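Residue strings, one per chain:
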Amino acid sequence: MASLQERIAITLERVAQACAVSGRDVSDVKVIAVTKYVPLDTVAAVLDAGLTEIAESRWQDAEPKWNALGHKGIWHFIGHLQTNKVKDVIGKFEYIHSLDRLSLARELHKKADAAGLDVKVFLQVNISGEDTKFGLPPEAVEGFLKDIAPLSRVKVIGLMTMAPHEEDPELTRPVFRGLRELRDSLNQLALTPEPIQELSMGMSNDFEVAIQEGATRVRLGTVLVGH
């Protein structure tokens, strides 16, 4: 069993190789360590090992970790976010990766405005069309961006998607390419104050393909911290 340090080193080398294959600078891709299934001491070890970006998907699981380590690193909320949990994550998680409905956008704006801060969000898009996945259909994103435009505290910085789990990661390529192409077409419409730059896509099984297709953030759990 490789140590945490060894797994991190191997994974970062794979990231670098995927960037090289696609002619990208490795500094353009940030690794987010998904720690939702591991205990507090493992999260501390990840941060001590030099990975600064941490992701959790449920506030009740994240709370003790954030209370102990929230002053370290940059925290991402990647799970389906219920509106009644917005109060718990605002001001703690710098990024929300799962904005997928107007009611959530309004609650994020309301709570962020009350706290006097902005919240950086990724729109979750269901590129694959799977019934089991959350996210906006691609054809609904343009209208959604227009709907949330008045919510000044909600800053859309990127798009997020999850590909189906495939034995052959190459089969995920159309999903990741679809998200990149959607981002580029949205930017041509200039629907946001600043161009949408970020693409949160790629997990342990398929992150190299995602990087080749333009991922700027890869969400890695198993490959880094184990099962």
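An account of the accompanying structure is given in this report. Worth saying up front: this structure is predicted, and the values here are computed from it rather than measured. (Residues numbered from 1 in each chain as written. Predicted model: local features only at pLDDT ≥ 70, side-chain atom pairs only at ≥ 80, totals over all residues. Heavy atoms only, no water.)

## Examining the overall build of the protein chain
Reasoning step 1: If you tally the helices and strands in the protein chain, you get nine helices and eight strands.
Reasoning step 2: For 227 residues, the compact-globule estimate of 2.2 N^0.38 gives 17 Å, and the protein chain sits close to it at 17 Å.
Reasoning step 3: The C-alpha extent of the protein chain, read off along each of the three principal axes, is 50 × 40 × 30 Å.
Reasoning step 4: If you take every contact in the protein chain between residues at least 6 apart in sequence, the share linking residues at least 24 apart comes to 57%.
Reasoning step 5: When the accessible surface of the protein chain is totalled, it reaches about 10,600 Å², and 51% of it is carbon and sulfur.
Reasoning step 6: A distance of 6 Å separates the average location of the 26 positive side-chain charges in the protein chain from that of its 32 negative side-chain charges. (Helix = DSSP H or I, 4+ residues; strand = E, 2+ residues; numbered from the N terminus. Rg over C-alpha atoms; globule rule 2.2 N^0.38 Å. Contact = heavy atoms within 4.5 Å. Areas by Shrake-Rupley, 256 points an atom, 1.4 Å probe, with all protein chains shown as cover. Lys, Arg positive; Asp, Glu negative; His and termini not counted. Charge placed at Lys NZ, Arg CZ, Asp CG, Glu CD.)

## A few points about the side chain of Glu213
Reasoning step 1: Along the chain, Glu213 falls in the loop between helix 8 (207-212) and strand 8 (217-220).
Reasoning step 2: Since its relative accessible area comes to 4%, Glu213 is described here as buried.
Reasoning step 3: Looking at Glu213, its side chain comes within polar contact range of the side chain of Arg180, at 2.6 Å.
Reasoning step 4: Ignoring anything within four residues of it in the chain, the contact list for Glu213 reads Arg173, Phe176, Arg177, Arg180 and Met201. (Buried < 20%, exposed > 50% of the residue type's maximum accessible area, 1.4 Å probe, protein only. Polar contact = N/O pair within 3.5 Å; in protein donor to acceptor, adjacent residues only side chain to side chain.)

## Some words on the layout of surface pockets
Reasoning step 1: Taken as a whole, the largest pocket encloses approximately 660 Å³ of empty space.
Reasoning step 2: Looking at the largest pocket, it is lined by 27 residues, and the ones nearest its centre are Lys36, Tyr37, Ile78, Met162 and Met203.
Reasoning step 3: Split into classes, the residues belonging to the lining of the largest pocket amount to 11 nonpolar, 12 polar and four charged.
Reasoning step 4: What the second largest pocket holds in volume is close to 320 Å³.
Reasoning step 5: Lining the second largest pocket we find 17 residues, and of these Val154, Lys155, Val156, Thr192 and Pro193 sit closest to its centre.
Reasoning step 6: Per-element tally for the lining of the second largest pocket: the top contributor is strand 6 (residues 154-160), with four residues.
Reasoning step 7: In terms of residue class, the lining of the second largest pocket is made up of 11 nonpolar, three polar and three charged. (1 Å grid on protein atoms, 1.4 Å probe; cavity = no way out; pocket = protein on both sides within 12 Å on 5 of 7 lines; lining within 4 Å. Points joined across faces, edges and corners; volume = space filled by probe spheres on them. Nonpolar A, V, L, I, M, F, W, Y, C, P; charged D, E, K, R; others polar.)

## Some thoughts on the packing of helix 6 (residues 141-148) against helix 7 (residues 173-189)
Reasoning step 1: Running from N to C, helix 6 and helix 7 cross one another at 50 degrees; their axes reach a closest spacing of 11 Å. The orientation of helix 6 with respect to helix 7, classified from their angle, is oblique. Two packed elements cross with a definite hand, and for helix 6 against helix 7 that hand is right-handed. Residues Val141, Glu142 and Leu145 of helix 6 form the contact with helix 7, whose own contacting residues are Leu182, Leu186 and Leu189.
Reasoning step 2: Along the lines of polarity and charge, the residues of the contact of helix 6 with helix 7 split into five nonpolar, no polar and one charged. (Axes fitted to C-alpha atoms, helices over the stretch in contact; angles between N-to-C directions. Parallel < 35°, antiparallel > 145°, perpendicular 65-115°, else oblique. Left-handed = near helix turned anticlockwise from the far one by under 90°.)

## A word on the packing of helix 2 (residues 40-48) against helix 3 (residues 59-69)
Reasoning step 1: At a minimum axis separation of 10 Å, helix 2 and helix 3 run at an interaxial angle of 45 degrees. Between helix 2 and helix 3, the angle is such that the two are oblique. Crossing handedness for the pair helix 2 and helix 3: right-handed. Residues Leu40, Val43, Ala44 and Leu47 of helix 2 form the contact with helix 3, whose own contacting residues are Pro64, Lys65, Ala68 and Leu69.
Reasoning step 2: Classifying every residue of the contact of helix 2 with helix 3 by side-chain character gives seven nonpolar, no polar and one charged.

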